Amino acid sequence: MPQRSSQHRVVVIVDEGTNPFEVGVATELFGLPRPELGFPGPLYEVTLCAPGSAARMNHGFFTLTGVSGLEAVDEADTLVVPGRPDNVVPRGADVLDAISRTHARGARIISFCTGSFALAEAGLLDGRRATTHWMWAEKFRELHPRVLLEPDVLFVDEGDLLTAAGSAAALDLGLHVWRRDHGAELANAVSRRLVFAAHRDGGQRQFVERPVPDVPDESLGPLLAWAQERLAEPLTVTDLAARAAVSPATLHRRFRAQLGTTPLAWLTGERVALACRLIERGEERLDAVAARSGLGTAANLRARLRRETGLSPSAYRRRFGPAVR
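Scoring rules and cut-offs
- Residues numbered from 1 in each chain as written.
- Predicted model: local features only at pLDDT ≥ 70, side-chain atom pairs only at ≥ 80, totals over all residues.
- Heavy atoms only, no water.
- Helix = DSSP H or I, 4+ residues; strand = E, 2+ residues; numbered from the N terminus.
- Buried < 20%, exposed > 50% of the residue type's maximum accessible area, 1.4 Å probe, protein only.
- Contact = heavy atoms within 4.5 Å.
- Areas by Shrake-Rupley, 256 points an atom, 1.4 Å probe, with all protein chains shown as cover.
- Axes fitted to C-alpha atoms, helices over the stretch in contact; angles between N-to-C directions.
- Parallel < 35°, antiparallel > 145°, perpendicular 65-115°, else oblique.
- Left-handed = near helix turned anticlockwise from the far one by under 90°.
- Nonpolar A, V, L, I, M, F, W, Y, C, P; charged D, E, K, R; others polar.
- Phe/Tyr/Trp six-rings, centres within 6.5 Å; stacked < 30°, edge-to-face > 60°.
- Core = buried A, V, L, I, M, F, W, Y, C linked by side-chain atoms within 4.5 Å.
- Arc of directions from axis to C-beta.

Participant: Just checking my understanding: could you explain the overall build of the protein for this structure?
Facilitator: A tally of helices and strands in the protein yields 13 helices and ten strands. A total of 325 residues make up the protein; the buried ones form 50% of that total. Taking the intrachain contacts of the protein between residues at least 6 apart in sequence as the baseline, contacts between residues at least 24 apart amount to 64%. Within the structure as shown, the protein displays about 15000 Å² of accessible surface, and the carbon and sulfur contribution to it stands at 53%.

Listed below in structure tokens is the structure:
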């Protein structure tokens, strides 16, 4: 396994009224040791910080004490800004200054849910793409018209600025960060530990006011497992529907209801994830990777990998291949 010379420092700002779930997501994803990955120690080091010595959480559920002061952000490689429900109330000047100076020195900034309001208040998102929870999209546009808001996606990755749409989408973005930092193999291992979907593309739509079906759909689990074992085969949506003994239209509705995506998008995402794992394990022949992952051709592999990861196959290999292990 790779040997890491130092931990990546993640600092989480816990402001007054912060949602505890999103703080929990940050600590679960980045703060816990992961001995099952085979490393001698954690890959991330997490610090919680607040404007004062204590922070009262959303609705006063509890008060968090024993946290560091805002000066902790000066040591952050990544700063996480969770959301809070009172988004029309401006953040304190000390919090906004901490966010601004962290970004100014080149650290990565991540917001969960309505934490994007704080990034916008700090002036970081003007002219940049971002997202937030769909319930607050109109208010966000009203307060921050210069931000290029994408209100119907799970998360947006702008390189140094990453924003997640909602509390559950924070998990999607966190696993995306794991993939970006350490590759698909380790990200999938973390997702399995969380018992969470290994990969949901940030471009998938949020779950916005979906009607509850009259008859609950059966679980897609057996179908997904069946398809994952046959990614190299020329599977189509029609094949998936036949396996599930439903029409393609019904299958499409079930995927939308249960996974928030389409059967074709899910299938493509699984094939790209498999291609990433093959490259990480040392397969250098792009034609072989494309064939074994079901992506068909090296040209399609290049296009899909760049779309999903921002990297070419050769760049992905340099970053996550066996040479770095």
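Participant: Honestly, the packing of helix H1 (residues 20-30) against helix H5 (residues 167-182) in this entry has me stumped. Any pointers?
Facilitator: Packed helix pairs are characterised by how far apart their axes lie and by the angle those axes make with each other. Packing of H1 against H5 leaves a shortest axis separation of 10 Å and a crossing angle of 20 degrees. Accordingly, the angle class assigned to the pair H1 and H5 is roughly parallel. The crossing of H1 and H5 is right-handed. Seen from H1, the contacting residues are Phe21, Glu22, Val25, Leu29 and Phe30; seen from H5, they are Ser167, Ala168, Ala170, Leu171, Gly174, Leu175, Val177 and Trp178. Its residues placed into classes, the contact of H1 with H5 shows ten nonpolar, two polar and one charged.

Participant: Is there a simple way to think about the packing of aromatic side chains in this case?
Facilitator: Aromatic ring pairs are defined here through the distance separating the ring centres and the angle between the ring planes. Under the defined criterion, the tally for this structure stands at five aromatic pairs. Arranged with centres 5.1 Å apart and planes meeting at 70 degrees, the rings of Tyr44 and Trp178 form a pair that is edge-to-face. In this pair, Tyr44 sits in strand E2 (residues 44-49) while Trp178 sits in helix H5, placing the two residues 134 residues apart along the sequence. Relative accessible area serves as the criterion here: at 3%, Tyr44 is assigned to the buried category. The buried category is assigned to Trp178, whose relative accessible area is 2%. Note on Phe117 and Phe140: the rings are 5.0 Å apart at their centroids and 85 degrees apart in plane angle, and the pair reads as edge-to-face. Of this pair, Phe117 sits in helix H3 (residues 115-121) while Phe140 is found in helix H4 (residues 137-143), placing the two residues 23 residues apart along the sequence.

Participant: What is the right way to look at the environment of Leu251 in this model?
Facilitator: Residue placement: Leu251 occurs in helix H9 (residues 248-259). Relative accessible area serves as the criterion here: at 0%, Leu251 is assigned to the buried category. Remark: the alpha-carbon pair of Leu251 and Ala241, spanning ten residues in sequence, is separated by 5.9 Å. With sequence-adjacent residues up to four places away left out, Leu251 is seen in contact with Leu220, Leu223, Val237, Leu240, Ala241, Ala244, Val246 and Pro263.

Participant: What am I meant to see in the nonpolar core here?
Facilitator: Taken as a class, soluble globular proteins show a tendency for nonpolar side chains to be buried jointly. The biggest cluster of nonpolar side chains holds 32 residues, and the ones touching the most others in it are Leu223, Leu251, Phe255, Leu301 and Tyr316. For this core, the elements supplying multiple residues, two or more each, are helix H7 (221-228), helix H8 (237-244), H9, helix H10 (263-280), helix H11 (286-293), helix H12 (298-309) and helix H13 (313-320). In contact with Phe255, not counting residues within four places along its chain, are Leu220, Leu223, Leu224, Gly260, Thr261, Thr262, Pro263 and Trp266. Formed by 29 residues, the second largest nonpolar core is a distinct cluster that contains Leu43, Tyr44, Leu154 and Trp178.

Participant: Before we go on, may I ask you to explain H7 in this structure?
Facilitator: Within an α-helix, residues lying three or four positions from one another point in the same direction, as the helix has 3.6 residues per turn. For H7, the set of buried residues is Leu223, Leu224, Trp226 and Ala227. Down the axis of H7, the sector holding all buried residues measures 160 degrees, keeping them to one side. Looking at the buried side of H7, the elements it contacts are H8, H9 and H10.

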